[in-house]
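This is what each chain is made of:
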Amino acid sequence: MKFHILTWGCQMNDHDTEKMSGLLVRSGLLLADSVHDADLVLLNTCSIREKAAHKVYSELGRINEIKASRPDRPMAIGVTGCLAQQEKENIFKRAPFVDLVVGTMALKQLPRLVANVFGGGNHVIDTDFYPDNHLFPVDCISRSCSPKALITIIEGCNHACTYCVVPTTRGSERHRPVGDILTEVRNVVDSGFCEVELLGQNVNSYNGGCTFAELLYKIAEIDGLEWIRFTTSHPMNFTKELAQALTSISKVAPFLHMPIQSGSDKILRRMGRGYTAQEYIDRIGYLGERRNNMCLSTDFIVGFPGETDEDFESTMSILELIKFDASFSFIYSPRPDTPALHLADNLPESIKHERLARLQARQTEFTTQSNLREVGKIVPVRIESHTPSEQGYWLARTAQWRNVHIENSADSQLPFGRLVDVKITGAGPHWLKGEVL
Ligand code: SAH
Ligand code: SF4
Ligand code: F3S
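Summarised in this report is the structure supplied together with it. Please read these numbers as outputs of a predicted model, since none were measured by experiment. (Residues numbered from 1 in each chain as written. Chains lettered and ligands numbered in written order. Predicted model: local features only at pLDDT ≥ 70, side-chain atom pairs only at ≥ 80, totals over all residues. Heavy atoms only, no water.)

### Regarding the overall build of the protein chain
Turning to step 1, where the next piece is worked out: A count of helical and extended segments in the protein chain gives 13 helices and 19 strands.
Turning to step 2, where the next piece is worked out: Scaling as 2.2 N^0.38, a compact globule of 437 residues should have a C-alpha radius of gyration of about 22 Å, and the protein chain matches this with 22 Å.
Turning to step 3, where the next piece is worked out: On the principal axes, the C-alpha backbone points of the protein chain span a range of 60 × 60 × 45 Å.
Turning to step 4, where the next piece is worked out: Counting all 437 residues of the protein chain, 54% fall into the buried class. (Helix = DSSP H or I, 4+ residues; strand = E, 2+ residues; numbered from the N terminus. Rg over C-alpha atoms; globule rule 2.2 N^0.38 Å. Buried < 20%, exposed > 50% of the residue type's maximum accessible area, 1.4 Å probe, protein only.)

### Remarks on the site of ligand 2
Turning to step 1, where the next piece is worked out: By nearness alone, every residue bordering ligand 2 is listed as C157, H159, C161, Y163, C164, V166, P167, Q201, H234 and R273.
Turning to step 2, where the next piece is worked out: Each residue belonging to the shell around ligand 2 can be placed in one class, and the counts come to six nonpolar, three polar and one charged. (Near = heavy atom within 4 Å. Nonpolar A, V, L, I, M, F, W, Y, C, P; charged D, E, K, R; others polar.)

### Here's the deal with empty space enclosed by the protein
Summary: where empty space remains is shown by rolling a probe the size of a single water molecule over the atoms.
Turning to step 1, where the next piece is worked out: Going through the model one piece at a time under the given rule, you end up with two cavities of 30 Å³ or more.
Turning to step 2, where the next piece is worked out: Each pocket or cavity is described by its volume, and for the largest cavity that value is around 70 Å³.
Turning to step 3, where the next piece is worked out: If you go around the largest cavity, the residues you meet are M12, D16, K19, T152, I154, E155, G156, R170 and L199.
Turning to step 4, where the next piece is worked out: Contributing elements (two or more residues each) for the lining of the largest cavity: α1 (11-26) and β8 (154-155).
Turning to step 5, where the next piece is worked out: A per-element tally of the lining of the largest cavity places α1 first, with three residues. (1 Å grid on protein atoms, 1.4 Å probe; cavity = no way out; pocket = protein on both sides within 12 Å on 5 of 7 lines; lining within 4 Å. Points joined across faces, edges and corners; volume = space filled by probe spheres on them.)

### Quick look at helix α8 (residues 212-220)
Turning to step 1, where the next piece is worked out: Among all positions of α8, only F212, A213, L215, L216, I219 and A220 are buried. The buried side chains of α8 occupy one side of the element, clustering within an arc of 160° when seen end-on.
Turning to step 2, where the next piece is worked out: Packed against the buried residues of α8 are α7 (178-190), β10 (195-199), β11 (227-231) and α9 (240-248). (Arc of directions from axis to C-beta. Contact = heavy atoms within 4.5 Å.)

### What to know about the sheet that holds strand β15 (residues 378-383)
Adjacent strands of a sheet form backbone hydrogen bonds with each other and so pair up, either parallel or antiparallel.
Turning to step 1, where the next piece is worked out: As summarised here, the arrangement of the five strands in space is β15-β16-β17-β19-β18, forming a closed barrel in which the pairing is mixed. Averaged over all neighbouring strand pairs, the angle between strand axes comes to 55°, with direction disregarded. (Pairing = 2+ DSSP bridges. Axes fitted to C-alpha atoms, helices over the stretch in contact; angles between N-to-C directions.)

### Remarks on the nonpolar core
Turning to step 1, where the next piece is worked out: Among the nonpolar cores identified, the biggest contains 56 residues, and L198, F212, L216 and L246 are the most heavily contacted of them.
Turning to step 2, where the next piece is worked out: Residues in contact with F212, not counting those within four places in the same chain, are I153, L198, V203, N204, Y206, F230 and L242.
Turning to step 3, where the next piece is worked out: With 25 residues, the next largest nonpolar core counts W8, Y57, I63 and L83 among its residues. (Core = buried A, V, L, I, M, F, W, Y, C linked by side-chain atoms within 4.5 Å.)

### Thoughts on the packing of aromatic side chains
Turning to step 1, where the next piece is worked out: For the structure on display, the rule yields seven aromatic pairs.
Turning to step 2, where the next piece is worked out: Centre to centre, the rings of F238 and Y286 are 6.5 Å apart; their planes meet at 15°, and the pair counts as stacked. Pair noted here: F238 is in the loop between β11 and α9 and Y286 is in the loop between α11 (277-285) and β13 (295-302), with a separation of 48 residues, a long-range link.
Turning to step 3, where the next piece is worked out: On the accessibility criterion, F238 (0% relative accessible area) is buried. (Phe/Tyr/Trp six-rings, centres within 6.5 Å; stacked < 30°, edge-to-face > 60°.)

### Comments concerning the site of ligand 3
Turning to step 1, where the next piece is worked out: Neighbouring ligand 3 are the residues C10, N13, C46, S47, I48, C82, R170 and Q201.
Turning to step 2, where the next piece is worked out: Taken together, the residues of the shell around ligand 3 break down into four nonpolar, three polar and one charged.

### Here we look at the packing of α8 against α9
Turning to step 1, where the next piece is worked out: With their axes 8 Å apart at the nearest point, α8 and α9 run at an angle of 25° to one another. The orientation of α8 relative to α9 falls into the category roughly parallel. The chirality of how α8 crosses α9 is left-handed. Contacts between α8 and α9 involve F212, A213, E214, L216 and Y217 from the first element and E241, L242, Q244, A245, L246 and S248 from the second.
Turning to step 2, where the next piece is worked out: Broken down by class, the residue content of the contact of α8 with α9 amounts to seven nonpolar, two polar and two charged. (Parallel < 35°, antiparallel > 145°, perpendicular 65-115°, else oblique. Left-handed = near helix turned anticlockwise from the far one by under 90°.)

Structure follows, in structure tokens:
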């Protein structure tokens, strides 16, 4: 039997796919190259915005057509991830050909549930909460071929942002014990990884035996590890102790993604974010001078219910003031079972789109300026491709998570996953150009 998993959403979902692959391989299934060659197809879904949820149903339709086109070979179809946790049995109502629904907090039950489906079970579902779900066996993860190993430190979220499905789809926080995390990092380093990314909806609230800052110090002691990344940080849990750790541990990559969402205190209050714009600015200030060596990235939501022109101008002002090196911005999307659904949302769509376009255009200017400041520098980059692209360049990343395109003569091979010193020779909004020294 062969399986194929399609994945949407954030790094937590990418990593859940690696965990599910590990579980299925351990129970004797083989990895299929494509949906066409699979006996079991899993859609690991996201429901953060409405568009993400819609995409799942249209993709399910496409897969069902593939299933119908090969009547000689049965295909089981399953839905996992945040949409599965949110919609539960409703998935069978909208897509009756789905055989299996597995929630985010029942991931470890997958082999039993798949055996049930292969044994003839119809509409098999488990969206229960298993309190030990986050205690995942470290030797049972089929890692994708990225040069960076993903490591869960927290599952769930204890914040209650009024627009967000995550507290429902991922539950409240469960912290992995510090010993498990250190064992896993040692294991991945022993197996050849030089970079890890610590994952949680809010990594800096970590409390599985020590603080997040203390965890960073402990992980940094592991020989052979070069760069430590982490995502995501919440401003309310960003402490002076953490800022000190980020700026003093040389293995911590100088990159901080900390969503601000809005520059208006009124909107931040309505979002339930728990800080004011000034408090966000003050916390960035904890980084001191070292802030200048770091890439700072953020998320914005535009067109939140009640956002006036003045509120949006406050968002533009904070972008001008902080000059984020990168940002991800989205139009507010009303989500089921979230408190913001009850807020009056009278803003015309055209205005939301105009605001988003203005914010993104200004961000592109800041990102370009930030990238241009790198030109002329000699920096270590990690090689992220096995072969050159069709255009003839290799993909790599700097410690600050900037994309680098390296032009290299076709006959020389660059070492995948390893650091190479390059001279930055050019920059655009989305990439740097580099030459191997
Ligand atoms: N835990 C992270 C964010 C996870 S969701 C944090 O709070 O920092 C990633 C991003 O999606 C959020 O930062 C937010 O900008 C966006 N987002 C979440 N829910 C949304 C919604 N209903 N509409 C639009 N964007 C949303
Ligand atoms: Fe959602 Fe807020 Fe939790 Fe982030 S901190 S996952 S936005 S509830
Ligand atoms: Fe999406 Fe769930 Fe991640 S909603 S963004 S996959 S936590």
